[in-house]
Amino acid sequence: MEFELRSLLVFRHLAGSGSFSDTAKHWGISQPAVSLTISKLETAVGLVLFERSPTGARLTTDGHAFLPRADDVCQSYAGLIDGLRTWNRRQSSEVLLACDGSSIGRQLMADLEAGSVPNLAATVTVRDLVENWGAALEESRFDLAISGRFLRAGLDSNTQEAVLLRERGITVAWNPMFHSFDTQRFSFPEILKSTVLLPNAKVAVGFDDFFRRWCDEAYGVQPAHVMSFDTEVAAASACKAGLGVMVAPGDLMARFPGEKVHFESVRTFEFLLPQAFTYGIYCRAEEASKEVLSTAAAISSYLVKKGLLARS
Amino acid sequence: MDQYHLLPRITFRQLEVLRAVFRERSFSHAALDLHSTRGNVKRMCGELEQILGGVLFEQDEVGALSPTAFAHTLVSQMSPLVRSVRKLEDAVSMMHQTGRVLRLAATPRLFESGWFTGFLRRFRSHCPFRVCCLMLDERRFRTALLNAECDVFLGCGLTPSDKLDTIDLGPVPWQFVTAGGPAAAGLPEQLADHPWWIEDNGDPEAMERLLDAFQQAGAARGRAASPTAWAEWLAKPATIPAGTTLLVADTDNDAHGSHVWPSHHYAAFIRRNHPYSELKSFLESAAHGI
C-alpha cells in the first residue's frame, strides 16, 4: 500500500464536494490530475472508492468505509506539515504575521515590508489574513494575527488577545455628492435603501454577520444591495466614488485622517454597543516562543508610537 | 489550505524507513529490520531529505549516523500520522479480508441464460469478493465500466474497446434450426451452398467480423436477421424458407462451443487498471472451470 499521503486530501475533498472541477480548483491542479490521483490511490489500496458520472463522483460502499480513516490521516498529515513549517520558522527565527484589511493593518504591512518597524527580534513575514483565522492560527499556519473583531466574535480560549484599541458603536459614511442623509437627525434604516459597502471577515470578524442580523431583527429588512470588501481602503474608495454607503465598526474616520473632506459620516449606536470594535494582536494561547511574543510587543509599541491607534 | 504541489509528497513507507534508521542509527541494521537492502534504505532517506528539504542524518568518519535536529523534530511529530496510517492500513486489509464489493453487470438477456447461472456459480465459489449483480443495457456498458458504475460486464459477441480489458470466456455453441426443426452440426463448409442466417446482436462491428470468419472457414456469406424477424422464425420454424439454416447462439446451456466453428464469444470486460488486481485471474479460472 504505497501512495503519496497527500492524495488522501484530494480524496477527502472529492468525497465532500462530489465534483472533480471543485476539487481541482481547490487544490490548484487540473481535472485530469484529480482523476489520475484518485485512480492511483484506488490501485494502491485495491478498492473502488468512487463511482464517476458526467456530473461528478459519488462514494461507493467501500469508499464510505474508507473515508473516516482517510480523514484521520489527512488531519495528522496536515498537523505534521504545520509542525514542520513552524519548526522551520523557529530555526530561521522567522515569525509569520497575518495582517487584516483595515487601514491600520495595511499601513503596518507596508511599514513592515519597508523595514521601518524597530526592535524586531525576528524576521517578520507578512501575509493576508484568511477567513476563519482563529482556526488557522491554532493550526500554526501563522504565528501572529492582527485584526479587528466585533463584539465577542473571534474570541476563543485557544488564542490570546492583546487589545490595541477599543471603540464604541459603528460608523456610517457616504460621499455627500451622491447621497444626502441628515447627519443631525440620522435614521439608520434610511441607508438600507441604497447599496451598503461592508468590510468582510478579513477586516473585522463578525461584523458582516452582525450587520445582517441587526437589519433583520431590528428593521425586518435587508439592505437593497451589499458589496463586501477585503480591505477597508477598497471599501472607502468605492464609497468615495459614490457606489454606496459604507458601514464599518468603531470610529472609521479616525482611521482615514486625510480623507475626511470627501465624506460625511455619522457615528451611531455608541451607547447600545459600547465595546463594539476591538482591534488586537493575537497569538496561540500556549505560545512559548520568545521571538513570537517579542515581535507582538514590538509591533504593538510601534503602532502606539506611530499614532496609528491615537484618537482625537 | 494550500496548493497541492506545495505539499510534500511523502509516503508512509518513507516515514517507516526514517523511523527504522532513526532507531538503529545505521542504514544496514535498518535494512535488516525492514527486509530491504542498505542501498535501498539509504536511497529512500535521500529521497525524503529532498522532498522535505532538510538533512536528516549526518555521518562521521567511522560511519556512525547521527540524526540532525530536523530528524528529531520530524520523528517526534510524526507519531500521530504513523498511527493513523496504520489504522487506515488495518481498515483496508480488513475490507480485503471480509470481501470487497464486486458489481457484476450483464445484459437482461444474458442474465436469464443458463450459461450465466453456471458461470456465476463457478465464479462465486472461487472469488473472495462480495458479488452483487446488476442489469445493464449493452449499449452503455463501456461508459458504465469507465465510470466505475460496475466492475465487470459480461457480454456475448461484443466488440472490445481500447480502454477496457477483455477476458475471453469461451465460444458460444451454435444450434442449427431449419424449417424441419433442429438440425445436426457439421462443418462450416456445409453452409457453402445454401443460405443461412444469424441474429443481429446490435453490434455491427462484431457481426461483420463473425460473418467474415465464416467466409474464411468456407461457408457462404451469411446474413443477419433483425431480432423481431428472428423471434418469429424461432416461434414457428415452419415459416423458415426451405433450405435455409438458422444459427442460434445457444446461451441456455452452460456449455462451450467447439473451436471448429467461428462463433460469438462470451467475454468479461473490466476497465484498464482496475484496482482489484487479481480480478482478471479469477474471471479466467471461473471461465475454464478450474
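About the cut-offs
Residues numbered from 1 in each chain as written. Chains lettered and ligands numbered in written order. Predicted model: local features only at pLDDT ≥ 70, side-chain atom pairs only at ≥ 80, totals over all residues. Heavy atoms only, no water. Pairing = 2+ DSSP bridges. Helix = DSSP H or I, 4+ residues; strand = E, 2+ residues; numbered from the N terminus. Axes fitted to C-alpha atoms, helices over the stretch in contact; angles between N-to-C directions. Contact = heavy atoms within 4.5 Å. pLDDT = per-residue confidence, 0-100. Buried < 20%, exposed > 50% of the residue type's maximum accessible area, 1.4 Å probe, protein only. Salt bridge = Lys/Arg side-chain N within 4 Å of Asp/Glu carboxyl O. 1 Å grid on protein atoms, 1.4 Å probe; cavity = no way out; pocket = protein on both sides within 12 Å on 5 of 7 lines; lining within 4 Å. Points joined across faces, edges and corners; volume = space filled by probe spheres on them. Parallel < 35°, antiparallel > 145°, perpendicular 65-115°, else oblique. Buried area = accessible area lost by both parts, 1.4 Å probe. Polar contact = N/O pair within 3.5 Å; in protein donor to acceptor, adjacent residues only side chain to side chain. Nonpolar A, V, L, I, M, F, W, Y, C, P; charged D, E, K, R; others polar. Expected span 1.5 Å × (residues − 1). Domains from an automatic or database assignment.

S.K.: Account for the sheet that holds strand β7 (residues 170-174) of chain A, with residues named and values stated.
M.R.: Residue and element names in this part refer to chain A. Ordered by their spatial adjacency, five strands build an open sheet running β10-β8-β11-β7-β12, and the pairing between neighbours is mixed. The two strands at the open ends of the sheet, each matched to only one other strand, are β10 (225-229) and β12 (264-268). For this sheet, the mean angle separating the axes of adjacent strands, direction not counted, is 25°. Inspection of the sheet shows β7 paired to β12 by five bridges, in the antiparallel sense. Across the sheet, the residue bridging to A173 is S265, located in β12. Of the strands in this sheet, β7, β8 (195-199), β10 and β11 (245-249) touch helix α8 (residues 207-219), which is tilted by about 145° from β8. Here helix α9 (residues 232-240) sits on the sheet and contacts β7, β8, β10 and β11; the angle it forms with β11, its principal contact strand, is near 150°.

S.K.: Describe the confidence of the model for chain B, and please don't skip the residues or the numbers.
M.R.: Residue and element names in this part refer to chain B. Residues with a pLDDT of 70 or more make up 99% of chain B, whose mean pLDDT is 88. Of all the helices and strands in chain B, strand β8 (residues 181-183) carries the lowest mean pLDDT, 79, while helix α5 (residues 79-98) carries the highest, 93. Across the assembled chains, the prediction reports ipTM 0.85 with pTM 0.76.

S.K.: Tell me about the side chain of T107(B), and name the residues and values.
M.R.: Residue and element names in this part refer to chain B. By secondary structure assignment, the location of T107 is in the loop between β3 (101-106) and α6 (108-111). T107 gets classed as buried once you look at its relative accessible area, which sits at 9%. Setting aside residues no more than four positions away along its own chain, T107 makes contact with L136, E138, F153 and L154.

S.K.: How would you summarise the pattern of salt bridges if you had to cite specific residues and measurements?
M.R.: Evaluated as defined, the whole model comprises 39 salt bridges over all chains. Here R271(B) and E42(A) are joined by a salt bridge, their closest N and O atoms 3.3 Å apart. Taken together, the residues R271(B) in strand β12 (residues 265-271) and E42(A) in helix α3 (residues 31-45) connect one chain to another. No difference in accessibility class separates R271(B) from E42(A), as the two residues are buried.

S.K.: Residues and numbers for the layout of surface pockets, please.
M.R.: All names here are of chain B. Here the largest pocket defines a volume of roughly 680 Å³. Every residue lining the largest pocket is counted, 27 residues in all, and those nearest its centre are R109, C156, E199, A249 and T251. Listed by contribution, the elements that provide at least two residues to the lining of the largest pocket are α6, β5 (152-156), β7 (174-178), β9 (196-199), α10 (227-235) and β11 (245-249). At four residues, α10 tops the list of elements feeding residues into the lining of the largest pocket.

S.K.: How would you summarise the packing of helix α5 (residues 103-114) of chain A against helix α11 (residues 290-306) of chain A if you had to cite specific residues and measurements?
M.R.: Relative orientation and spacing of two packed helices are given, respectively, by the angle between their axes and the distance between those axes. Residue and element names in this part refer to chain A. For the pair α5 and α11, interaxial distance at closest approach is 12 Å and the crossing angle is 110°. As summarised for this structure, α5 and α11 are arranged roughly perpendicular, according to the angle between their axes. Residues I104, Q107, L108 and D111 of α5 lie in contact with α11, whose contacting residues are I299, Y302, L303 and K306.

S.K.: Describe the interface of chain B and chain A, with residues and values.
M.R.: Every contact between the two is made by 45 residues of chain B and, on the other side, 43 residues of chain A. Contact between chain B and chain A buries roughly 4,100 Å² in total, counting both sides, with carbon and sulfur atoms accounting for 65%. Our enumeration of links across chain B and chain A arrives at three salt bridges. E4(A) is paired through a salt bridge with R9(B); the nearest N and O atoms lie 3.0 Å apart. At the junction of chain B and chain A, the tally comes to 14 residue pairs in polar contact (both at pLDDT 80 or more). Counting only elements with at least two residues in the side of chain B that touches chain A, the list comes to α1 (12-24), α4 (69-77), α5 and β3 of chain B. Counting residues per element, the side of chain B that touches chain A draws most heavily on α5(B), which supplies eleven residues. Taken together, the residues of the side of chain B that touches chain A break down into 24 nonpolar, ten polar and eleven charged.

S.K.: Can you tell me about α1(B), naming the residues and giving the values?
M.R.: Residue and element names in this part refer to chain B. In this model α1 runs 19 Å from its N-terminal to its C-terminal C-alpha over 13 residues, within 8% of the 18 Å that 1.5 Å per residue would give. Among the residues of α1, F12, Q14, L15, V17, L18, A20, V21 and F22 are the ones counted as buried. Among the residues trailing α1, R25 stands out with phi positive, at a value near 55°.

S.K.: Would you mind going over the sheet that holds β12(B) in detail, with residue names and values included?
M.R.: Consider a sheet: its strands pair through backbone hydrogen bonds, and that pairing is either parallel or antiparallel. All names here are of chain B. Here we have five strands laid out as an open sheet, ordered β4-β3-β5-β12-β6, and mixed in their pairing. Two strands in the sheet have a free side with no partner beyond their single neighbour: β4 (130-135) and β6 (164-171). Across the sheet, the mean angle from the axis of one strand to that of its neighbour is 25°, orientation sign disregarded. In terms of strand pairing, β5 meets β12 through four bridges, oriented antiparallel. Across the sheet, the residue bridging to F153 is F269, located in β12. Packing of helix α7 (residues 114-126) onto the sheet brings it into contact with β3, β4, β5, β6 and β12, and relative to β4 it is tilted by some 160°.

S.K.: Which residues make up the domain arrangement of chain A, and what values go with them?
M.R.: Residue and element names in this part refer to chain A. Split into domains, chain A comes out as domain 1 (5-88), domain 2 (92-165 + 277-306) and domain 3 (170-268). Taking only C-alpha atoms, the centre of domain 2 and the centre of domain 3 are 26 Å apart. Facing the 18 residues of domain 2 at the interface are 17 residues of domain 3. Taken together, the two surfaces of domain 2 and domain 3 that pack against each other cover about 1,300 Å², and 70% of this comes from carbon and sulfur. The largest share of the area that domain 2 buries against domain 3 comes from S103, F150 and F277, three residues that together contribute 42% of it. Taken together, the links from domain 2 to domain 3 amount to seven residue pairs in polar contact (both at pLDDT 80 or more). Breaking the side of domain 2 that touches domain 3 down by element, the ones donating at least two residues are α5 and β5 (144-150). Taken together, the residues of the side of domain 2 that touches domain 3 sort by class into eight nonpolar, six polar and four charged.

S.K.: So what's going on with unusual backbone geometry? Residues and values would help.
M.R.: With phi around 55°, N132(A) is a residue other than glycine that occupies positive phi space. Examined against the element boundaries, N132(A) turns out to sit in the loop between β4 (123-128) and α6 (133-138).

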